[in-house]
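# What the coordinates show
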Amino acid sequence: MGCTGCGYCMPCPAGVNIPVCFSYYNDKSVYDGDKSVGRHYMGMLGGMDGGKPSFASLCKDCGKCERHCPQSIPIRKHLKDVSKEMEPFYFKPLVGMVGGYYKMRGAFSQR
């Protein structure tokens, strides 16, 4: 994929961090078999660092990103590829559980 990470596609109305999604997807193909890439994707884009989730399958297929991409990358198509490759069936439930844990933990720490 020819994404240079320029960020012209951002911000995404659905909250997808497009350049970072593509970066992890490319890393996975370079470091084939390295499970840590998937864990890093989940941690960084799943909101497990305390931020908002920004993973590929949040894409609403609006096309705003493609209108701004100087490389004319079919971003929506590639985000679907990223989602298939980087988000196994347990991805969203796990992200939800961990996100709930952090919210609960934050509520207890404010007491």
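Everything below is about the structure printed above this text.
Bear in mind the structure is a predicted one, so any value in this text is a computation, not a measurement.

Each value, and the rule that gives it
Residues numbered from 1 in each chain as written. Predicted model: local features only at pLDDT ≥ 70, side-chain atom pairs only at ≥ 80, totals over all residues. Heavy atoms only, no water. Axes fitted to C-alpha atoms, helices over the stretch in contact; angles between N-to-C directions. Helix = DSSP H or I, 4+ residues; strand = E, 2+ residues; numbered from the N terminus. Parallel < 35°, antiparallel > 145°, perpendicular 65-115°, else oblique. Left-handed = near helix turned anticlockwise from the far one by under 90°. Contact = heavy atoms within 4.5 Å. Nonpolar A, V, L, I, M, F, W, Y, C, P; charged D, E, K, R; others polar. Phe/Tyr/Trp six-rings, centres within 6.5 Å; stacked < 30°, edge-to-face > 60°. Buried < 20%, exposed > 50% of the residue type's maximum accessible area, 1.4 Å probe, protein only.

Remark: helix α1 (residues 18-30) packs on helix α4 (residues 75-86), axes separated minimally by 10 Å, with the N-to-C direction vectors making an angle of 55°. Taken together, the axes of α1 and α4 are oblique relative to one another. You can see that α1 and α4 cross each other, and the crossing is left-handed. Together, Ile 18, Cys 21, Phe 22, Tyr 24, Tyr 25 and Lys 28 of α1 and Ile 75, His 78, Leu 79, Asp 81, Val 82, Glu 85 and Met 86 of α4 make up the contact between the two elements. Considered class by class, the residues forming the contact of α1 with α4 number 9 nonpolar, 1 polar and 3 charged.

With the rule as written, the count across this model stands at 4 aromatic pairs. For the ring pair Tyr 41 and Phe 91, a centre distance of 5.8 Å and an interplane angle of 45° mean the geometry is tilted. You can see Tyr 41 sitting in helix α2 (residues 36-45) and its partner Phe 91 sitting in helix α5 (residues 91-109), a full 50 residues away along the chain. For the residue pair Tyr 41 and Phe 91, the accessibility class agrees, reading buried in each case. Measuring from ring centre to ring centre gives 5.2 Å for Phe 89 and Tyr 90, while their planes differ by 85°; the resulting arrangement is edge-to-face. The exposed category is assigned to Phe 89, whose relative accessible area is 76%. Given the relative accessible area of 41%, Tyr 90 is considered partly exposed. Each residue in the set Tyr 24, Tyr 41, Phe 55 and Phe 91 is aromatic and connected to the rest through ring pairs, giving one cluster.

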